[in-house]
Amino acid sequence: MSRLIEYQSRKAARILDSTRELVLDHGVRKVTVTEIARQAGVGKGTVYLYWPTKEDLILGLFARDLLTFLDEAIACVIADPATVLPRRFGPLLIRTGLKLPLARRLYRSEADLLRLFTQQDGYGELLARTTPNAMCEAGMPILHRHHLIRRDRPLHDLTYMVHAVTTGFLTAIADPAGAPPGPTDPDVILADTLAQLLDPPDAPAAPAIAAAAAETVAVMREIREAVLELIDRSQTPGSDA
């Protein structure tokens, strides 16, 4: 049975959909449970049957976006192991994360959302592990171990490069108004930048790529399980019955 209660309850699904719309329209602080219930067409008490507080509901909603982000990234690497190479993995993670409206707000560091995540036990750590930037950095030891990135500099230097580059691109793509005009496809520029910085002198062998892809998927699945556990915690006990 799915651990996502919206698959067992149409009312829960409507509540989540209504919360998403209201948060995107008005922000976290201004949304109330009364408004959520009214838009979902349920009583206020029904919301609490599934989530103990408004904060739990909103955090559970954002965690679902993180779950979607991870599922899409995992599927891409499984379908084509070469996706794990930096020039492909970096653009994939940034684009996948930013196309999710709620996640996009997190990555743009909106104060109310970040405060909500950091105030709840476990959520701040989860957010820190699931940004595109953090996911790229988590894969660096795997790529280094399998000789899929250059090895003429220490791993911490290479990881710093990735952090600096992906942070800059993430900011520019999330807020294009603040970036210089010109690029027709930022993904291509990011891919080329990562290739220039990290590609090894010799083309990597297919077995090494396959091994690194399998390890990367394992790491993402571990994080996915942590997301599911927090979704479980956000729901009212017994609400999936």
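Right, let's walk through the structure included here. (Residues numbered from 1 in each chain as written. Predicted model: local features only at pLDDT ≥ 70, side-chain atom pairs only at ≥ 80, totals over all residues. Heavy atoms only, no water.)

So, the overall build of the chain
On a plain count of helices and strands, the chain comes out with 12 helices and zero strands. Taken from the N to the C terminus, the helices and strands of the chain come in the order α-α-α-α-α-α-α-α-α-α-α-α. For the chain, whose C-alpha radius of gyration is 20 Å, the value lies close to the compact-globule estimate of 18 Å for 241 residues. With the C-alpha coordinates of the chain rotated into their principal frame, the extents come out at 65 × 40 × 30 Å. Per-residue burial over the chain gives 48% buried out of 241 residues. Relative to all contacts within the chain whose residues are 6 or more apart in sequence, the contacts with residues 24 or more apart total 74%. Surface exposure of the chain reaches about 11,600 Å², of which carbon and sulfur atoms provide 55%. Separation of charge centres in the chain, based on 27 positive and 30 negative side chains, amounts to 4 Å. (Helix = DSSP H or I, 4+ residues; strand = E, 2+ residues; numbered from the N terminus. Rg over C-alpha atoms; globule rule 2.2 N^0.38 Å. Buried < 20%, exposed > 50% of the residue type's maximum accessible area, 1.4 Å probe, protein only. Contact = heavy atoms within 4.5 Å. Areas by Shrake-Rupley, 256 points an atom, 1.4 Å probe, with all protein chains shown as cover. Lys, Arg positive; Asp, Glu negative; His and termini not counted. Charge placed at Lys NZ, Arg CZ, Asp CG, Glu CD.)

Brief notes about the environment of Gly-168
Structurally, the position occupied by Gly-168 is in helix α10 (residues 155–174). A relative accessible area of 37% means that Gly-168 is categorised as partly exposed. Spatially, the C-alpha atoms of Gly-168 and Thr-32 are 35 Å apart, while their sequence positions differ by 136 residues.

Brief notes about the nonpolar core
One finds Leu-148, Met-220 and Val-227 to be the most contacted residues of the largest nonpolar core, which totals 52 residues. Mapped onto this core, the elements with two or more residues apiece are α4 (54–79), α5 (86–98), α8 (123–130), α9 (132–145), α10, α11 (186–198) and α12 (206–234). Per-element accounting of this core gives the leading share, 12 residues, to α12. Residues within four places of Leu-148 in sequence aside, it is in contact with Val-84, Leu-85, Leu-143, Pro-200, Pro-204, Ala-208, Ile-209 and Ala-212. (Core = buried A, V, L, I, M, F, W, Y, C linked by side-chain atoms within 4.5 Å.)

Some words on the pattern of salt bridges
Tallied over the full model, the rule gives 10 salt bridges. Between Asp-71 and Arg-224 there is a salt bridge, and its shortest N-O distance comes to 2.5 Å. Placement of the pair is Asp-71 in helix α4 and Arg-224 in helix α12, with a sequence separation of 153 residues. A relative accessible area of 31% places Asp-71 in the partly exposed class. Of the charged contacts, one joins Asp-152 and Arg-150 as a salt bridge, the two residues approaching to 2.8 Å between their closest N and O atoms. Exposure remark for Arg-150: the relative accessible area of 17% places this residue in the buried category. (Salt bridge = Lys/Arg side-chain N within 4 Å of Asp/Glu carboxyl O.)

Some details on the environment of Asp-232
In this structure, Asp-232 sits in helix α12. The exposure class assigned to Asp-232 is partly exposed, which follows from its relative accessible area of 32%. Residues Asp-232 and Glu-21, spaced 211 residues apart in sequence, show a C-alpha to C-alpha distance of 22 Å.

Concerning the packing of aromatic side chains
Per the counting criterion, the structure on display carries one aromatic pair. Considering the side-chain rings of Tyr-50 and Trp-51, the 5.9 Å spacing of their centres and the 55° angle between planes classify their relative orientation as tilted. Here Tyr-50 matches Trp-51 in class, with each residue buried. (Phe/Tyr/Trp six-rings, centres within 6.5 Å; stacked < 30°, edge-to-face > 60°.)

Quick word on the packing of helix α1 (residues 10–26) against α4
When two helices pack together, you describe them by how their axes are tilted relative to each other and by the distance separating the axes. The geometry of α1 relative to α4 is characterised by a closest axis approach of 10 Å and an angle of 90° between their N-to-C directions. Here α1 lies roughly perpendicular to α4, going by the angle between them. Packed against α1, whose contacting residues are Ile-15, Leu-16, Thr-19, Arg-20 and Val-23, the element α4 presents Leu-57, Ile-58, Leu-61, Phe-62, Arg-64 and Asp-65 at the interface. Along the lines of polarity and charge, the residues of the contact of α1 with α4 split into seven nonpolar, one polar and three charged. (Axes fitted to C-alpha atoms, helices over the stretch in contact; angles between N-to-C directions. Parallel < 35°, antiparallel > 145°, perpendicular 65-115°, else oblique. Nonpolar A, V, L, I, M, F, W, Y, C, P; charged D, E, K, R; others polar.)

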